[in-house]
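Overview (structure and organization)
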Amino acid sequence: MKILVLNCGSSSVKFQLIETSLELIEQRADRLIAKGSVEKIGSSHAIVTFDVPGRERHRETPEILEHRVAIERVARLLCDPEHGVIGDPKEIDGVGHRVVHGGEKFANSTLINDRVLHEMKECIELAPLHNPANIRGYTVARQIFPDIPHVAVFDTAFHQTMPPHSYLYALPRVIHRRHGVRRYGFHGTSHRYCAYRIEKITGVDREELRIITAHLGNGCSACAIDHGKSLDTTMGFTPLEGLIMGTRSGDIDPAAVLHVIAKEELRLSEANTLLNKHSGLLGISGISNDMRELQTAAAKGNEDAQLAIDMFCYRLKKYIGAYAAAMGGVDHLVFTGGIGENSALIRERSVDGLAFMGLEIDPARNADPEARGERQISMATSRAKIWVIPTDEELVIARDTVRCIVGVIPPPPA
Ligand code: ADP
């Protein structure tokens, strides 16, 4: 099957066309046919990129004012006689949509019918910045590809196994019942993929393992995957909680926020921007939200950059310890995401001193400049194994789309 994976943001559409099927999943022989993105939707010079393995990148800068035009452009590019990879849109068997928030309604991926769409809309108030674009993407894609199944894959779904003692906040219970305020967690597709890869690489069923995954990208979260299920994760009601991120604060005393709102006379939207856009690595360093730039600056002696790195690693280390405690130990620790996959320094600093709990990183393996792809970076003596696993959320979305189409994942009620 050829599956189109769509990830629609407020001003962007990222896409991949992936060939996969139950057999190809089993053989791990599914393959990327093409991928690309449309950025700056809403401008007269949107940026369209289109990559086919083995070919040079194709680039366009047309006027694209809204998502419908963007996805039509994607469909046209895929079938383009010169740059395209298929002859006809009818060759596409299904569309998989990344949807950020599935609330408490979705614990798995699902075919989208009217009822599912209605429930996705009900989750908008939980993710006002993300779900509207995801839903808009689905609505126009359904019009452009009307005759094939569409599937929603939720960032939150994997974490629906969290028990109440990890997903509830210690607020009056009525706040949860009335407003849905609880911890949901995000990056579920990525954490799930890492656990799946550990199972495949080690040959040990994930139901026998205690895995900690650290997805460190622009957004960062860690997850305690206890015997195959998400037991706890650092992101909460929104992606703001937990680890320090590029521009998000992560954990903070809510009373500190109330204090700043009062003292600076901030509106709620301004406080939101402060915590989500001006904090984290950027806020501490005053230089950048980009870990590469911070490492370069710190190496040249910039103390603020060094402090941002120190705080980032310390926060992560605390959660690794907490999750090992929550699971009664840890068998595997996985690093993924742009920082997790590429920064030997952050990996080393985050597990420094954790030998007492069986985590010993091998400095040479960890820092090997030639190393690429999935690899183990722990010492041979390390009781728990430490890994780098490049995440592949689009692959998971394509595979779940196939599983929904063939019925391995049961259809939603009509
Ligand atoms: P997103 O969450 O938007 O998908 P990525 O997973 O691509 O983002 O992660 C982006 C982060 O990864 C940035 O902070 C970037 O600086 C960092 N990063 C990428 N390559 C390296 C590297 N070689 N060393 C350190 N950090 C890196």
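Everything below is about the structure shown above.
Because the structure is a prediction, the values reported are computed rather than measured.

Rules used in this analysis
Residues numbered from 1 in each chain as written. Predicted model: local features only at pLDDT ≥ 70, side-chain atom pairs only at ≥ 80, totals over all residues. Heavy atoms only, no water. Helix = DSSP H or I, 4+ residues; strand = E, 2+ residues; numbered from the N terminus. Rg over C-alpha atoms; globule rule 2.2 N^0.38 Å. Buried < 20%, exposed > 50% of the residue type's maximum accessible area, 1.4 Å probe, protein only. Contact = heavy atoms within 4.5 Å. Areas by Shrake-Rupley, 256 points an atom, 1.4 Å probe, with all protein chains shown as cover. Lys, Arg positive; Asp, Glu negative; His and termini not counted. Charge placed at Lys NZ, Arg CZ, Asp CG, Glu CD. Phe/Tyr/Trp six-rings, centres within 6.5 Å; stacked < 30°, edge-to-face > 60°. Pairing = 2+ DSSP bridges. Axes fitted to C-alpha atoms, helices over the stretch in contact; angles between N-to-C directions. Near = heavy atom within 4 Å. Polar contact = N/O pair within 3.5 Å; in protein donor to acceptor, adjacent residues only side chain to side chain. Salt bridge = Lys/Arg side-chain N within 4 Å of Asp/Glu carboxyl O. Expected span 1.5 Å × (residues − 1).

1. Focus: the overall build of the protein
- When helices and strands are counted, the protein shows 16 helices and 14 strands.
- Computed over the C-alpha atoms, the radius of gyration of the protein is 22 Å, within 12% of the 22 Å expected from 2.2 N^0.38 for a compact globule of 414 residues.
- In terms of its C-alpha atoms, the protein occupies a principal-axis envelope of roughly 55 × 55 × 45 Å.
- Here the protein holds 414 residues, and the buried ones make up 51% of them.
- For the protein, the share of sequence-separated contacts (at least 6 apart) that also reach a separation of at least 24 residues comes to 62%.
- Surface exposure of the protein reaches about 19,100 Å², of which carbon and sulfur atoms provide 51%.
- Side chains of the protein carry 48 positive and 53 negative charges; the gap between the two charge centres is 2 Å.

2. Quick look at the packing of aromatic side chains
- Evaluated as defined, the whole model comprises five aromatic pairs.
- Look at Phe15 and Phe50: their rings are 6.1 Å apart centre to centre, the planes differ by 25°, and that puts the pair in the stacked class. Here Phe15 is found in strand 2 (residues 13-19), whereas its partner Phe50 is found in strand 4 (residues 47-51), with 35 residues between them in sequence.
- What makes Phe15 buried here is its relative accessible area of 2%.
- Classification of Phe50 by relative accessible area gives buried; the value is 2%.
- Aromatic pair Tyr184 and Phe237: ring centres 6.3 Å apart, planes at 40°, arrangement tilted. Of this pair, Tyr184 sits in the loop between helix 6 (173-179) and helix 7 (188-202) while Phe237 sits in the loop between strand 11 (229-233) and helix 8 (254-264), placing them 53 residues apart in sequence.
- For Tyr184, a relative accessible area of 1% gives the class buried.
- A residue is classified by how much of its surface remains accessible, and Phe237, at 24% relative accessible area, is partly exposed.

3. Some thoughts on the sheet that holds strand 8 (residues 150-154)
- Strand order in the open sheet formed by eight strands is 5-4-3-2-1-6-8-7, and the pairing between neighbours is mixed. If you trace the sheet from one side to the other, it starts and ends with strand 5 (58-60) and strand 7 (110-111), each paired once.
- The pairing of strand 7 with strand 8 spans two bridges and is antiparallel. Within the sheet, the bridge partner assigned to Thr110 lies in strand 8 and is Ala152.

4. Describing the sheet that holds strand 14 (residues 385-388)
- What the six strands build is an open sheet, ordered 11-10-9-12-14-13; its pairing is mixed. The open sheet terminates on both sides in strands that have one partner only, identified here as strand 11 and strand 13 (375-376).
- Here strand 9 (residues 210-216) runs beside strand 10 (residues 220-226); their pairing, made up of seven bridges, is antiparallel. Note on strand 10: the bridge partner recorded for Leu216 is Cys220.
- Against the sheet, helix 14 (residues 344-351) contacts strand 9, strand 12 (332-336), strand 13 and strand 14, and its axis sits at roughly 150° relative to strand 12.

5. Quick notes on the environment of Lys90
- Among the secondary structure elements, Lys90 is positioned in the loop between helix 2 (67-79) and strand 6 (94-99).
- Put simply, Lys90 and Thr213 are 123 residues apart on the chain and 38 Å apart in space, counted from C-alpha to C-alpha.

6. What about the site of the ligand?
- What surrounds the ligand is a group of 13 residues, the closest being Asn218, Asp290, Met291, Gly338 and Ile339.
- The contact in question runs from an oxygen atom of the ligand to an N or O atom on the side chain of Asp290, over 2.4 Å.
- One nitrogen or oxygen atom from the main chain of Met291 is found 3.0 Å from an oxygen atom belonging to the ligand.
- When residues of the shell around the ligand are traced back to their parent elements, those giving at least two are helix 11 (291-299) and helix 13 (337-342).
- With four residues, the top contributor of residues to the shell around the ligand is helix 13.

7. Quick notes on the side chain of Arg315
- Among the structural elements, Arg315 can be located in helix 12 (residues 303-327).
- Buried and without a salt bridge, Arg315 has Asp251 as its closest oppositely charged side chain, separated by 4.6 Å.
- The residues contacting Arg315, other than those within four sequence positions of it, are Gly242, Leu243, Ile244, Ser249, Gly250 and Asp251.

8. Remarks on helix 2
- An ideal rise of 1.5 Å per residue puts 18 Å on 13 residues; helix 2 measures up with 19 Å between its terminal C-alpha atoms.
- Three or more residues of helix 2 are buried, namely His67, Ala70, Ile71, Arg73, Val74, Ala75, Leu77, Leu78 and Cys79.
- Contacts from the buried residues of helix 2 go to strand 1 (2-8), strand 2, strand 3 (31-39), strand 4, strand 5 and helix 4 (131-144).

9. Notes on the side chain of Glu199
- Residue placement: Glu199 occurs in helix 7.
- Assessed through its relative accessible area of 15%, Glu199 is described here as buried.
- Among the polar contacts made by the side chain of Glu199, one reaches the main-chain amide nitrogen of Arg206 at a distance of 2.8 Å.
- In this view, Glu199 contacts Val204, Asp205 and Arg206; residues no more than four positions away in its chain are not counted.

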